[in-house]
Amino acid sequence: MPDNTSGEPMEFFIDMQRCIGCNACEMACAECETNGQESMIHIHYVDRPFSVQTTVQVCMHCEEPACANVCPADAITLGADGIVHTAKTSHCIGCSNCVLACPFGVPKKSDTKELMMKCNMCYDRTSVGKKPMCATVCPSQALYFGTRTEIAEKRPNSIPVNHFGFGNENVKTKVNIMMPKGYSFLKVK
Amino acid sequence: MLKHLHSLNRKAAVNGLIATALTIALVFIGSRNLQNFDPALIGYLAGTVFAVFGVTYRYSVWIQRPATQLYWKRSLQFLFSKSFITYSLLGLKLVFQNLLIQKFIFKRGTTRWIGHMLFAMGCLLGFAITLPLTFGWIHFEFKPGDTMNYYAHFFGFEMGGFELGSLMAFMAFHGLVFAAIMVTAGVVMIIRRRLTDGGLIATQTFEFDWIPLFLLLGIALTGIGIAFDYTYLQGRTYQFMAIFHAMTVILFLLYLPYGKFFHIFQRLAQLGAILYRTEGQKRGMAICPHTKEPFASQLHIDDLKQVSRDMGFDFTLEDGSNYLDLSPEGKRSTLAKAHMKVREEGGGFFG
């Protein structure tokens, strides 16, 4: 999805240290038409007894998505544009495999609807060159959607990283997390 | 051609051939050696036999996938355990709740549920009438000297009769018309939704979401057209309606194993998933090391570790534990803490 003016690709950049826990993204997310008016974003305290730090999480859109691979019903698809789509309503059997296998803890499951739902980067908007709802309202720019040139100007001491380590598993994503310059990989655990 | 044969899944192909042979055998048995088979329906029979092979083949390939195989095996294991009676009753309840009245779709939206129910029940009624007719299992006939009563035969055995012109006769002869009206109404409701919902407009595809609707609409409208033609037009458009109807039905049967309609056969797995969840909760819950709260059954977590390994993912940590032991919230918090640590090392929380 290129920027309309420069032609440079638009990307998603997250910096959870900038999250102030205002929940504006949560409200905006519920306006996304692909979610059916349900908020898919995760925002919560990291470790409330010890800290007031909050974190925000959208789908990272993995290049090799664990959620789609462990789905027994072929309900989750990876688009040619790298977007990992939410479960097809006709196929999802509500087993929760995706919810439990996602290393970023993203998919949500509704027990009554027997359906998994997750962020699909506001596909109704981003597929036509608009910004995702959450990124348009985030006051601290913990969620930012724009070009690499723009983010480099705004965060001169940071660099986008999309390689993550979870034990022996290395995951590459479409969405970036902003890290101090010099890093190219985030070992989560 | 041979190259393509080599790429076939052998187990699935064998299952497909067995199912096809069984269907053909049942056609011979049910129609009393084709005595009661209607040759006008040969095209429909060929399409159905192909669909039987295709559905069985795809289903067999599908249940060989690690995640699907696990649910398949576990469902049978739990069903045929000492809790057989409990799980059989649960299974019956779920068949009614999830397959017949489709409660879960009602929770996803009322209009959606009404539309889906209309065409699902219309299709079910249509299949219940047409399949036995196509296979020659059912046929109707008069008895010598009695032209006022029509007698139904199933597998060659007389099942009862009804008087021509009676309510029963009207219902029997118009069953497919009722089914077609239900399908048309349901499809129109769903088409309206697909044309007005912004989310669906962005994500739908022609081959997956629209072709099934066009096929159902084509079948239903030409089906109604046949009845309309012989009732009001003295058969003037019969050729067109009958040929177009046969074409749409056969296309539907060819599409059945590959497209969206395959979810009809996959839906049964939902019952297995609920049974799995019930048994898992009974056996004990996994506690997240971060939130200290139960979040899924330990059985599910252990099975998922194996399935993810089978799919090429290794979430084993340095201490031998597994990243999948964390709940979704635990995973998000762990990521945030790792990010904060890196920021601290970088000398500033914001860059």
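What counts and what doesn't
- Residues numbered from 1 in each chain as written.
- Chains lettered and ligands numbered in written order.
- Predicted model: local features only at pLDDT ≥ 70, side-chain atom pairs only at ≥ 80, totals over all residues.
- Helix = DSSP H or I, 4+ residues; strand = E, 2+ residues; numbered from the N terminus.
- Rg over C-alpha atoms; globule rule 2.2 N^0.38 Å.
- Contact = placed C-beta atoms within 7 Å.
- Domains from an automatic or database assignment.
- Buried ≥ 20, exposed ≤ 12 C-beta atoms within 10 Å, placed from the backbone.
- Pairing = 2+ DSSP bridges.
- Nonpolar A, V, L, I, M, F, W, Y, C, P; charged D, E, K, R; others polar.

The name given to chain B in an unreviewed UniProt entry is Nitrate/nitrite transporter, and the organism recorded there is Geofilum rubicundum JCM 15548.

Trainee: Provide a residue-level description of the overall build of chain B, including the pertinent values.
Mentor: Of the regular secondary structure elements, chain B holds 15 helices and five strands. Computed over C-alpha atoms, the radius of gyration of chain B comes to 27 Å, more than 25% over the 20 Å expected from 2.2 N^0.38 for 351 residues, which places it beyond the range of a compact globule. Dimensions along the principal axes, computed over C-alpha positions, put chain B at roughly 95 × 50 × 50 Å. Expressed as a percentage of contacts within chain B between residues at least 6 apart in sequence, the contacts between residues at least 24 apart total 62%.

Trainee: Run through the domain arrangement of chain B, naming residues and quoting values.
Mentor: The domains assigned to chain B are domain 1 (9–270) and domain 2 (284–346). The C-alpha-based centres of domain 1 of chain B and domain 2 of chain B are spaced at 44 Å.

Trainee: How would you sum up the pairing of strand β3 (residues 157–163) of chain B? Please name residues and give values.
Mentor: The element β3(B) is largely exposed, with a buried count of zero among its seven residues. Two successive antiparallel strands, strand β2 (residues 146–154) of chain B and β3(B), enclose a turn made up of two residues, where B:F155 displays a positive phi of approximately 55°.

Trainee: Before we move on, can you summarise the interface of chain B and chain A with the specific residues and values?
Mentor: Across the contact, 51 residues belong to chain B and 57 residues belong to chain A. Contributions of two or more residues to the side of chain B that touches chain A are made by α4 (66–79), α6 (103–108), α9 (198–203), α12 (263–266), α13 (268–283), α14 (298–310) and α15 (328–346) of chain B. Of all the elements, α15(B) adds the most residues to the side of chain B that touches chain A, at 15 residues. Grouping the amino acids of the side of chain B that touches chain A by side-chain chemistry returns 24 nonpolar, 16 polar and eleven charged.

Trainee: Tell me what's going on with helix α10 (residues 206–232) of chain B, and back it up with residues and numbers.
Mentor: Residue and element names in this part refer to chain B. Looking at α10, one finds that the buried residues are P212, L215, L216, L217, I219, A220, T222, G223 and I226. On its buried face, α10 is in contact with α7 (110–134), α8 (167–196) and α11 (238–255). Two residues or fewer past α10, Q234 is found with a positive phi of approximately 50°.

Trainee: Lay out the pairing of strand β1 (residues 11–14) of chain A in plain terms, naming residues and giving numbers.
Mentor: All names here are of chain A. In the sheet, β1 pairs with strand β6 (residues 143–146) via four bridges, with the strands oriented antiparallel. Along β6, the bridge assignment pairs F12 with F145. With two bridges joining them, β1 and strand β8 (residues 169–180) adopt parallel strand pairing. Residue pairing in the sheet places I14 in a bridge with I177 of β8.

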